[in-house]
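These are the residues of each chain, in order.
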Amino acid sequence: MDSPQLDELDRCLAHAFQVDGRVPFSRLAEVLGVSDQTVARRYHRLRSTGVLRVVGVPEVTKLGRVVWLLRVRCMPDAAGAIATALARRDDTAWVCLTSGGTEIACYTSAPRQEADEGLLLGQLPRTPRVVSVTAHRLLRRFAGGPTGWPGRASALSAEQVAALTDGAGSGFDAGAGVSGSSPVTPRLEPGDDALFTALSQDGRASLATLAAASGRSETTVRRRLHHLRTSGALYFDVEVDAALLGASLSALLWLSVTPSRLDAIAREVSTYAEVALVAATTGPTNLAVTVGCTDDDALYDFLATRLGALPGIHQVETAPMIRTIKRSGSWTGT
C-alpha cells in the first residue's frame, strides 16, 4: 500500500523551511500568497502529527568535533533495542535500521582529541548480539547538512526562494550557514548547550522560549543565533519522511572510488535529485551516499544508469533503509 504524500502547500512549507527554518509566518504567507492563519494552522498540524519538524542542528565540525558514520551489524532480534539505545545518546544525529534489520547505520560525533585517542567505539552499547562495528570518519561532505535535500526543494519557484533569502523579515540572514559562513571557528559560550538542545526539539521555538532555556535575555539570544548561523555553527533542517515526498525507497550506498576520481564523482553525484547526502569517508569504501527513490525500479535505474555511467566507481554496496529511529534533531521516542 502506497504511503500518503504531502499536498502542494505542505511541500511548499517543507521547501521554505529548508531555505530558512525560522522565516516568520507572515513573510512565508506573503511569498506563498495565502493568509498568515493558513500557514500557521497548516504548520502546527504538520508538526503536531509528527509529519514535519524544523530543528536547529549544530555543525559540529565547526565546534571542534569530528563526525563518524558507524555500521553496526547485529543479530536481527537485537537490532531494534540497540538502535534505540544509540538514538537516546546526545552525540548521535541520525540512526537507521538497514539491510532487512541486520545492520544499524548511525552518525555520531566526538571531540577531536577523544577521536584521536580511539575512545569512540568503547562507548557503544556492549552486547554479544553485536556482530561487528565499523567506523568511517567523514572527511568531507559534498551534499546534505546545511544544503538540505533537493528532493524536498522543488515546490517553490526561483522567485519565491529569492524572496525568502533576501533577508526580509527573519533577521537571521537566511542561508548564511551555507555559503556565507565565516572562516573563524566559533567558540561556545555558557548557555549555548542549552540553546542547541532547545533548538533540536523545536527550531522555530520563540525567542522567549529560547531565552528561558538558555538563561539569557531575548536580545542576547537573537544576537547569539545570528552569530552561530553566520559563522556556520548552526543551521536549520526539516525532518520529514521521504516517503511522503514520493521517495518510498531510501538506501545507503557505500562506494569504492578511484582516489583520483573521488572529488569529481562526489561533486557529480551531489547534483542528482535523488541524492540526500554525499560524503567522503575513511574505511574500506571511500564515499557514502544516501538516496531516495520512488521504487525498486527507480533505484535499479539509479545504480545501473546513473552511477554505472561514471568511470572510476569500482564497487557499490547497497543497504536499503527500513526504519529511521532518529533524524537530525533530538530523539523523540517515536
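Criteria and thresholds
Residues numbered from 1 in each chain as written. Predicted model: local features only at pLDDT ≥ 70, side-chain atom pairs only at ≥ 80, totals over all residues. Heavy atoms only, no water. Helix = DSSP H or I, 4+ residues; strand = E, 2+ residues; numbered from the N terminus. Expected span 1.5 Å × (residues − 1). Buried < 20%, exposed > 50% of the residue type's maximum accessible area, 1.4 Å probe, protein only. Arc of directions from axis to C-beta. Contact = heavy atoms within 4.5 Å. Core = buried A, V, L, I, M, F, W, Y, C linked by side-chain atoms within 4.5 Å. Polar contact = N/O pair within 3.5 Å; in protein donor to acceptor, adjacent residues only side chain to side chain. Pairing = 2+ DSSP bridges. UniProt positions renumbered as here; feature names shortened; annotations may be inferred. Patch = residues over 30% accessible without salt bridge, like charges linked within 9 Å, V, L, I, M, F, W, Y side chains within 5 Å. Areas by Shrake-Rupley, 256 points an atom, 1.4 Å probe, with all protein chains shown as cover. Salt bridge = Lys/Arg side-chain N within 4 Å of Asp/Glu carboxyl O. Lys, Arg positive; Asp, Glu negative; His and termini not counted. Charge placed at Lys NZ, Arg CZ, Asp CG, Glu CD.

- In the nomenclature of an unreviewed UniProt entry, the protein is known as AsnC family transcriptional regulator of Amycolatopsis rhabdoformis.

## Details of helix H4 (residues 76-87)
Here's step 1: Taking 1.5 Å of rise per residue, the twelve residues of H4 would be expected to cover 16 Å, and the 17 Å separating its terminal C-alpha atoms lies within 8% of that figure.
Here's step 2: Those residues of H4 lying buried are Ala78, Ala79, Ile82, Ala83, Leu86 and Ala87. Burial along H4 is one-sided: seen end-on, the buried residues are contained in an arc of 165°. The exposed set on the far side of H4, more than 90 degrees from its buried face, consists of Asp77 and Ala81.
Here's step 3: Tucked inside the fold, the buried residues of H4 contact strand S2 (65-74), strand S3 (92-98), strand S4 (103-111), strand S5 (130-143) and strand S10 (313-326).

## Points about the nonpolar core
Here's step 1: Counting 44 residues, the largest nonpolar core has Leu13, Phe17, Leu28, Leu52, Leu164, Leu210 and Leu225 as the members making the most contacts within it.
Here's step 2: Broken down by secondary-structure element, the contributors of at least two residues to this core are helix H1 (8-19), helix H2 (25-32), helix H3 (36-48), strand S1 (52-58), helix H7 (192-201), helix H8 (207-214), helix H9 (218-230) and strand S6 (234-240).
Here's step 3: Per-element tally for this core: the top contributor is H1, with seven residues.
Here's step 4: Dropping the residues within four chain positions of it, Leu52 is found in contact with Ala14, Phe17, Tyr43, Leu46, Arg47, Val238 and Glu239.
Here's step 5: Ranked by size, the runner-up nonpolar core spans 24 residues in total, among them Phe142, Val291, Cys293 and Leu299.

## Things to note about the side chain of Gln160
Here's step 1: Note on placement: Gln160 falls in helix H6 (residues 158-164).
Here's step 2: In terms of polar contacts, Gln160 uses its side chain to reach the backbone amide nitrogen of Ser157, at 2.9 Å.
Here's step 3: Once residues lying within four places of it in the same chain are set aside, the contact partners of Gln160 are Val31, Leu32 and Ala155.

## Quick look at the pairing of S5
Here's step 1: Relative to S5, S2 runs antiparallel, the two being bridged by seven bridges. Bridge pairing in S5 places Arg73 opposite Ser132.

## Digging into the UniProt feature "domain: HTH asnC-type" (unreviewed entry) in the protein
Here's step 1: UniProt's feature table lists "domain: HTH asnC-type" (unreviewed entry) at residues 6-47 and 195-229, given in the numbering used throughout.
Here's step 2: Counted over residues 195-229, helix gives 77% and strand 0%. Its end C-alpha atoms are 13 Å apart.

## A short note on a negative patch on the surface
Here's step 1: On the surface, a cluster of negative charge is contributed by Asp295, Asp296, Asp297 and Asp301.
Here's step 2: Considering the arrangement of structural elements, one finds Asp295 in the loop between strand S9 (287-293) and helix H11 (296-307).

## Focus on the pattern of salt bridges
Here's step 1: For the structure on display, the rule yields 18 salt bridges.
Here's step 2: Residue Asp7 pairs with Arg42 through a salt bridge whose shortest N-O separation is 2.9 Å. Placement of Asp7 in the segment before H1 and of Arg42 in helix H3 is noted, with a sequence separation of 35 residues between them.
Here's step 3: Its salt-bridge partner being Arg306, residue Glu274 comes within 3.1 Å of it at the nearest N-O pair. Residue Glu274 is found in the loop between helix H10 (262-269) and strand S8 (275-281), and its partner Arg306 is found in helix H11; the two are separated by 32 residues along the sequence.
Here's step 4: What you see here is one network of salt bridges that share partners, running through Arg71, Arg73, Glu103 and Glu317.

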